[in-house]
Amino acid sequence: MKTILIIGAGGFIGGFIADAAIQRGYNTWVGIRGTTSRRYLTDSRLNFVVFDYDDTAAISRELKACAPPSGRWDYIIYNLGATKCANFSDFNKINYLYLRNFVEALRETGMIPERFLFMSSLSALGPGDEKGYTPLSASTVPNPNTRYGLSKIKAETYLETIPEFPYIIFRPTGVYGPHEQDYLMMVKSIDSHFDFGVGYRRQMLTFIYVEDLVNAMMDALDAGVNRRKYIISEDRAYTQREFRTIVARALGKKWVIPLKLPMWMVYAASVVAEKWGVMKMKPSTLNRDKFKIMRQRNWCADISDAQRDFGFNPKFSLERGIGITVESYLEGKSKNSKK
């Protein structure tokens, strides 16, 4: 059996990665922090490792204590990261410094795996062509305009500078599915008959259903690709209207009012929400970083490299994936209403 360690396994995507690894027959370890919820990590076959990512020496000790009989894991998926922070400096700490500490511990202990898959983001590339809508691709020169994107490209660059380190870098577009929270807010809004858009220029959106993303991870690891970067997305883009129509149909809503908000209004709201989050010491979903992401018009993605190198072929169209996501949302809504 191949052994695999999943770092950052406690969140929305991490739970799906752990399930997929078990289904593929891997002997699976999940790396979490002491405060991490184990809500989505209930399979009895999972082996737990608790890390303190602030301390390289502590990581090294834990790696040695929990290593498989071979002395190292065959594969490591590094999924730890923050998409929103109350303090923007935490993006650098969580998305870059924690990765560096972990990789340094691997090097110090001699436990570098056969392959190390790092979860980056399409935001690492920044805005693309917003006139001709040329898809973002492997040849796109990164120019991130958010603190989140900057922290991801910094982490990518760090991995690239380590000679012969066996990295695979994934840059997924917007990931959705059951338990995900950001897109759930949009679903809830449409369920209330309102769809809020940002700006008046055409925006092209791309998505990837969580199961397609985690299957792509496993396929890339098994294919043996090395020191490569891949954009992961469904092979088409959608307008806001198409997204709204698909969600409304899944919800059974006959009418939804689309509301276009001007950029200045959304920016003002993001500043207020961000300041409120800082006061409460809790990250706000709407903030100035998020505003820049919402303002970006072109999220079209070229996935040809992934198709060529490990046969990437998303199975879930947006309509199919949203159908499952909405079904999960409605089940939860029904359970809550009965309490």
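Residues numbered from 1 in each chain as written. Predicted model: local features only at pLDDT ≥ 70, side-chain atom pairs only at ≥ 80, totals over all residues. Heavy atoms only, no water.

### What about the packing of aromatic side chains?
Part 1 of the reasoning: Under the definition given, this model contains 24 aromatic pairs.
Part 2 of the reasoning: For the pair Tyr96 and Tyr158, a centre-to-centre distance of 6.2 Å together with 80° between the ring planes defines the contact as edge-to-face. Highlighted residues: Tyr96 in helix α3 (residues 89-109) and Tyr158 in helix α4 (residues 147-160), separated in sequence by 62 residues.
Part 3 of the reasoning: Relative accessible area serves as the criterion here: at 11%, Tyr96 is assigned to the buried category.
Part 4 of the reasoning: Its relative accessible area of 12% is what places Tyr158 among the buried residues.
Part 5 of the reasoning: Over the face of the ring belonging to Phe316 we find Arg320, whose NZ or CZ atom lies 4.0 Å from the ring centre. (Phe/Tyr/Trp six-rings, centres within 6.5 Å; stacked < 30°, edge-to-face > 60°. Helix = DSSP H or I, 4+ residues; strand = E, 2+ residues; numbered from the N terminus. Buried < 20%, exposed > 50% of the residue type's maximum accessible area, 1.4 Å probe, protein only. Lys NZ or Arg CZ within 6 Å of the ring centre and 35° of its normal.)

### Examining the pattern of salt bridges
Part 1 of the reasoning: According to the stated counting rule, one finds 22 salt bridges in the structure shown.
Part 2 of the reasoning: Here Arg115 makes a salt bridge to Glu114, at a shortest N to O gap of 3.7 Å.
Part 3 of the reasoning: When its relative accessible area of 14% is taken as the criterion, Arg115 is described as buried.
Part 4 of the reasoning: When the shortest N-O distance is used, the salt bridge between Glu160 and Lys229 registers 3.0 Å. Residue Glu160 is found in helix α4, and its partner Lys229 is found in strand β10 (residues 228-232); the two are separated by 69 residues along the sequence.
Part 5 of the reasoning: In this structure, a network of salt bridges that share partners links the residues Glu156, Glu160, Arg171 and Lys229. (Salt bridge = Lys/Arg side-chain N within 4 Å of Asp/Glu carboxyl O.)

### Brief notes about the sheet that holds strand β2 (residues 27-32)
Part 1 of the reasoning: What the seven strands build is an open sheet, ordered β3-β2-β1-β4-β5-β6-β10; its pairing is parallel. What marks the edges here is a single partner per strand, and that holds for β3 (47-50) and β10. When the angles between neighbouring strand axes are averaged without regard to direction, this sheet yields 20°.
Part 2 of the reasoning: Each of β1 (3-7), β2, β4 (75-78) and β5 (115-119) touches helix α1 (residues 12-23); the most contacted strand, β1, lies at about 175° to it. (Pairing = 2+ DSSP bridges. Axes fitted to C-alpha atoms, helices over the stretch in contact; angles between N-to-C directions. Contact = heavy atoms within 4.5 Å.)

Remember, this is a structural readout, not a statement about activity or role.
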